[in-house]
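What follows is each chain in one-letter form.
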Amino acid sequence: MKNILITGGAGFIGSRLCEKLYEKGYNITVLDNLSPQIHGDNESILFGKIKNKCRFIKGDVRNQEDWKKALINQEIVVHLAAETGTGQSMYEVEKYNDVNIMGTAHLLDLLA
């Protein structure tokens, strides 16, 4: 079965994708930073649903070393990691740019 990396795989969409792919027998790796904005200070319900269904890497898409670790032996990458929150994006512009744009740029650099 194929190896699939899901970035943001502990988030709302990513966790559901992880569950569905697990049911189909895929080998899943999740790269997620478990952002307190989404997951709170404790283990979230979303993370709890996937933690035994995947190889989990707590990491950051802004960190090339985290990408390198996550990409080992992957055949498919589903890149869902992103900072969310329209209001916050208006005053945390640099953070949103770093995660949402530069995080993707790091992936593309490594794949090229």
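This text goes with the structure placed above it.
Computed from a predicted model, the values in this text were never measured in an experiment.

Thresholds applied
- Residues numbered from 1 in each chain as written.
- Predicted model: local features only at pLDDT ≥ 70, side-chain atom pairs only at ≥ 80, totals over all residues.
- Heavy atoms only, no water.
- Pairing = 2+ DSSP bridges.
- Helix = DSSP H or I, 4+ residues; strand = E, 2+ residues; numbered from the N terminus.
- Axes fitted to C-alpha atoms, helices over the stretch in contact; angles between N-to-C directions.
- Polar contact = N/O pair within 3.5 Å; in protein donor to acceptor, adjacent residues only side chain to side chain.
- Expected span 1.5 Å × (residues − 1).
- Buried < 20%, exposed > 50% of the residue type's maximum accessible area, 1.4 Å probe, protein only.
- Contact = heavy atoms within 4.5 Å.

Trainee: Outline the sheet that holds strand 2 (residues 27-32), listing residues and values.
Mentor: Sheets are built from strands paired through backbone hydrogen bonds, the pairs being either parallel or antiparallel. Taken together, the four strands give an open sheet; going across it, the order is 3-2-1-4, and neighbouring strands pair in parallel fashion. Looking at strand neighbours, the two that pair on one side only are strand 3 (55-58) and strand 4 (76-79), the edges of this open sheet. Within this sheet the neighbouring strands show an average axis-to-axis angle of 15 degrees, counted without direction. Looking at chain direction, strand 1 (residues 3-7) and strand 2 are connected through five bridges and run parallel. Residue pairing for strand 2: Ile-4 is matched across the bridge by Ile-28.

Trainee: Account for the environment of Asn-100, naming residues and giving values.
Mentor: By secondary structure assignment, the location of Asn-100 is in helix 6 (residues 93-111). Each C-alpha atom, one on Asn-100 and one on Val-61, is 8.7 Å from the other, the two residues being 39 residues apart in sequence. From its side chain, Asn-100 meets the backbone nitrogen of Glu-83 in a polar contact 2.7 Å long.

Trainee: Any chance you could break down helix 1 (residues 12-23) for me, citing the residues and the numbers?
Mentor: Quick reminder: α-helices carry 3.6 residues per turn. Residues three or four places apart thus point the same way. An ideal rise of 1.5 Å per residue puts 16 Å on 12 residues; helix 1 measures up with 17 Å between its terminal C-alpha atoms. All of the buried residues along helix 1 are Gly-14, Ser-15, Cys-18, Glu-19 and Leu-21. Looking at the packing, one finds that the buried side of helix 1 touches strand 1, strand 2 and helix 3 (45-50). Of the residues one or two after helix 1, Gly-25 is the one with positive phi, at around 95 degrees.

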